[in-house]
Amino acid sequence: MQDTLIRRTLALLAIAVMALAAGCSTIKFSYNQGDTLLYWWLDSYVDFEGQQADVTKRDINTLFQWHRQTQLQDYAALLGTWQRQLAGNPTQADLVNAYREVRVRTERLAARAVPEMTTLALSITPEQIGNIERKFNSKNEEYRRKFISGSNDKRNRARFKKSMEQFELWFGNFSSEQEATLRRASDARPLDNNLWLDERVYRQRRIVAMLRDVQQKKMNREQATARVQALQKELFTRMESPERKAFYDASLDQNTRFILTGIRIATPQQKAHAQQRMQGWINDFHALAAGK
């Protein structure tokens, strides 16, 4: 599924991405390095200066402490639910519900991160807003090269490659026959990368507008907090707005059908691989929550 599910109001929401869709065999290693990685990720956009860097590191550490102590056991329980569903015959409704469960947790994280995001917004300079805009533009050009430019076949291949990386993370290797089935199912989905880019650019512009608003109006903390919260609400409710709901609903339907195809063609051995992978992540979440 498109990772736009994890709506990032700046980079703090990347924690949810890392925790719930980690791209490595162990969440534990990534999570224990997460505060440093998140700081580097943010710095690549902002280019922190002096005390601003120290405050950002402190706030990221505070957010990780809260996340470790209050959220990881819940993530383990959620993965346990998915394990049980995979052992049976999961339905498309199960996958849609999984999407919604992740969204709930992402919104919870965003709400908790408001104080840290407000501090960051208050500290951003006009020059740093320019840095963020340039980084957004650079990443968008990269997205265009990978997923928009070229023939439909090239774009389908790029999308399928990205999907297979996730399938193989969960299920291990697929046979050529299975890959052919998944490729047909993937190609049956509309090529809507231009629309996803439009959504991406919209969110980026709204983030930049919020930062400029805070900076130019010299907002106090209370005003900036309200502005950050308003932006969060806008971005999270956008998928329910009249002009976008049909697109988001169709995308969710198409992607969950595609994922269900992968689950249904998986062999018992591949499902066992997924069960073991999920158990490893569950164990990691429990260990992390215990401070290990």
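Coordinates for the structure precede this section.
Described in the following lines is the structure provided in the data block. (Residues numbered from 1 in each chain as written. Predicted model: local features only at pLDDT ≥ 70, side-chain atom pairs only at ≥ 80, totals over all residues. Heavy atoms only, no water.)

Moving on to the packing of helix α11 (residues 193-216) against helix α12 (residues 221-237). Orientation of α11 relative to α12, taken along the N-to-C sense of each, is 170°, at an axis distance of 10 Å. Taken together, α11 and α12 sit at an angle that is classed as roughly antiparallel. Of the residues in α12, those touching α11 at Tyr202, Arg203, Arg206, Ile207, Ala209, Met210, Asp213 and Val214 are Ala224, Arg227, Val228, Leu231, Glu234 and Leu235. Across the contact of α11 with α12, the residue classes break down as nine nonpolar, no polar and five charged. (Axes fitted to C-alpha atoms, helices over the stretch in contact; angles between N-to-C directions. Helix = DSSP H or I, 4+ residues; strand = E, 2+ residues; numbered from the N terminus. Parallel < 35°, antiparallel > 145°, perpendicular 65-115°, else oblique. Contact = heavy atoms within 4.5 Å. Nonpolar A, V, L, I, M, F, W, Y, C, P; charged D, E, K, R; others polar.)

Our focus in this paragraph is α12. The end-to-end C-alpha distance of α12 is 24 Å, a good match for the 24 Å that 17 residues give at a rise of 1.5 Å each. Within α12, burial applies to Ala224, Arg227, Val228, Leu231, Gln232, Leu235 and Phe236. Down the axis of α12, the smallest arc covering the buried residues is 160°, so these residues share one side. The exposed set on the far side of α12, more than 90 degrees from its buried face, consists of Glu222 and Lys233. Where the residues of α12 are buried, they touch α6 (92-112), α7 (114-123) and α11. Among the residues of α12, the N-terminal cap falls to Asn220, whose side-chain oxygen and the backbone nitrogen of Glu222 are separated by 3.2 Å. (Expected span 1.5 Å × (residues − 1). Buried < 20%, exposed > 50% of the residue type's maximum accessible area, 1.4 Å probe, protein only. Arc of directions from axis to C-beta. Polar contact = N/O pair within 3.5 Å; in protein donor to acceptor, adjacent residues only side chain to side chain.)

What follows is about the side chain of Arg155. Looking at the element boundaries, Arg155 is found in helix α9 (residues 152-171). Here the side chain of Arg155 touches Ile148 through a polar contact of 3.5 Å, landing on its backbone oxygen. Arg155 has contacts with Phe147, Ile148, Ser149, Gly150, Leu191 and Asn194, leaving out every residue within four places of it along the chain.

If you look at the biggest cluster of nonpolar residues, it comprises 62 residues, and the most contacted ones within it are Phe171 and Leu211. Ranked by the residues each element gives to this core, the list is headed by helix α5 (residues 72-87), at seven residues. By size, the runner-up hydrophobic cluster in this structure holds 13 residues, among which are Val96, Ile148, Trp196 and Phe247. (Core = buried A, V, L, I, M, F, W, Y, C linked by side-chain atoms within 4.5 Å.)

It is worth stressing that arrangement in space is one thing and function is another; only the former is reported here.
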